[in-house]
Structures are given as structure tokens and as C-alpha cells.
Amino acid sequence: MKKTLVSILATLVLCGCGANVDENKTPQQAKEEAMTLDSAALQKKVDACKKFLEEQNAKSKEVIEKMKAIPLSQQMGEDAQKLRAEAKKIGDAVKNVGDQLQVYLDELKAKAANAAK
């Protein structure tokens, strides 16, 4: 169990967020960045965020399955606590990147509307 948890954590650290996705970026920072990007770069950011969210969804399913496998008598144990912490970390990353995705989509739509004028 510990080896598996270590593998998951190592994967998260080594793979990070995918293609230039900073899961710690605030929506305001994303907005400032988005204003400086052209439509093609914004589309790349949108695609990277979507890929990151898909990867995190798969990881969260793995963590949930592992949590389900822990017997009820061990739900307060160290392994269960580590899995809950991992699930929270994934949830926080998904929320942050989801917020960024919305900022990039809004800016992409605004640029498309301006180009259509």
C-alpha cells in the first residue's frame, strides 16, 4: 500500500500539471496572462487545462478505489489519512485549474468576438 501511495505521489510530482499548467495560479494571474496571449496560445492553454483535468480525474478515481479498499477498522489509520490528503490535493488542483480554464475560455471568446467585428 505504501509503495503504491509513493508511486502516485511521485507521478504527481514528476508529471506535474502537464503542458505548462500551473495549478497554483490564481484566476487573477490567469486573467493577466490571458490578456497577453493570442487566440492560438489561449487555445493551447485551454487544451492543456482540459488534459490536466482529465488526468486528475483518473488519479482521483484511483485514490477513491484505494480508499474503498481500506477496511473500516483502518479508516483512521495512516494510509487512509494519506489518501484523504492526496484526494484533497487533487481536489484543490482541479478547482484551481478549472478556474483558470474558465478565464482562458472567456478571454478566447472575447478575442473571437472582437475578431468577428
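Now for a look at the structure at hand. (Residues numbered from 1 in each chain as written. Predicted model: local features only at pLDDT ≥ 70, side-chain atom pairs only at ≥ 80, totals over all residues. Heavy atoms only, no water.)

### Remarks on the nonpolar core
Turning to step 1, where the next piece is worked out: Counting residues in each nonpolar core, the largest one holds 15 residues, and the members touching the most others are V21, L42, C49 and Y104.
Turning to step 2, where the next piece is worked out: When contributions to this core are tallied by element, the ones reaching two or more residues are α2 (27–36), α3 (39–69) and α4 (78–116).
Turning to step 3, where the next piece is worked out: Considering each element in turn, this core owes the most residues, six residues, to α4.
Turning to step 4, where the next piece is worked out: Those residues in contact with C49 that sit more than four places away from it in its chain are V21, V97, L101 and Y104.
Turning to step 5, where the next piece is worked out: V63, I70, A80 and I90 belong to the second largest nonpolar core, which has five residues in total. (Core = buried A, V, L, I, M, F, W, Y, C linked by side-chain atoms within 4.5 Å. Buried < 20%, exposed > 50% of the residue type's maximum accessible area, 1.4 Å probe, protein only. Helix = DSSP H or I, 4+ residues; strand = E, 2+ residues; numbered from the N terminus. Contact = heavy atoms within 4.5 Å.)

### Here we look at the packing of α2 against α4
Turning to step 1, where the next piece is worked out: Axis separation between α2 and α4 bottoms out at 9 Å; the angle between their running directions is 30°. In terms of axis orientation, α2 runs roughly parallel to α4. Crossing geometry of α2 relative to α4 is assigned as right-handed. Where α2 abuts α4, its residues P27, A30, K31, E33, A34 and M35 lie against D99, Q100, V103, Y104, E107 and K111.
Turning to step 2, where the next piece is worked out: For the contact of α2 with α4, the residue count by class is six nonpolar, one polar and five charged. (Axes fitted to C-alpha atoms, helices over the stretch in contact; angles between N-to-C directions. Parallel < 35°, antiparallel > 145°, perpendicular 65-115°, else oblique. Left-handed = near helix turned anticlockwise from the far one by under 90°. Nonpolar A, V, L, I, M, F, W, Y, C, P; charged D, E, K, R; others polar.)

### Regarding the pattern of salt bridges
If charged atoms from side chains of opposite charge come close, those side chains can pair.
Turning to step 1, where the next piece is worked out: Scanning the model with the defined rule gives seven salt bridges in all.
Turning to step 2, where the next piece is worked out: Across the pair E33 and K45 runs a salt bridge, and its minimum N-O distance is 3.1 Å. Linking E33 in helix α2 with K45 in helix α3, this pair joins segments that are twelve residues apart in sequence.
Turning to step 3, where the next piece is worked out: The class of E33 is partly exposed, set by a relative accessible area of 22%.
Turning to step 4, where the next piece is worked out: Accessibility expressed as a relative area gives 15% for K45, which makes it buried.
Turning to step 5, where the next piece is worked out: Each member of the salt-bridge network shares a partner with another, and the members are K25, E33 and K45. (Salt bridge = Lys/Arg side-chain N within 4 Å of Asp/Glu carboxyl O.)

Everything listed here is a matter of geometry and, on its own, says nothing about what the molecule does.
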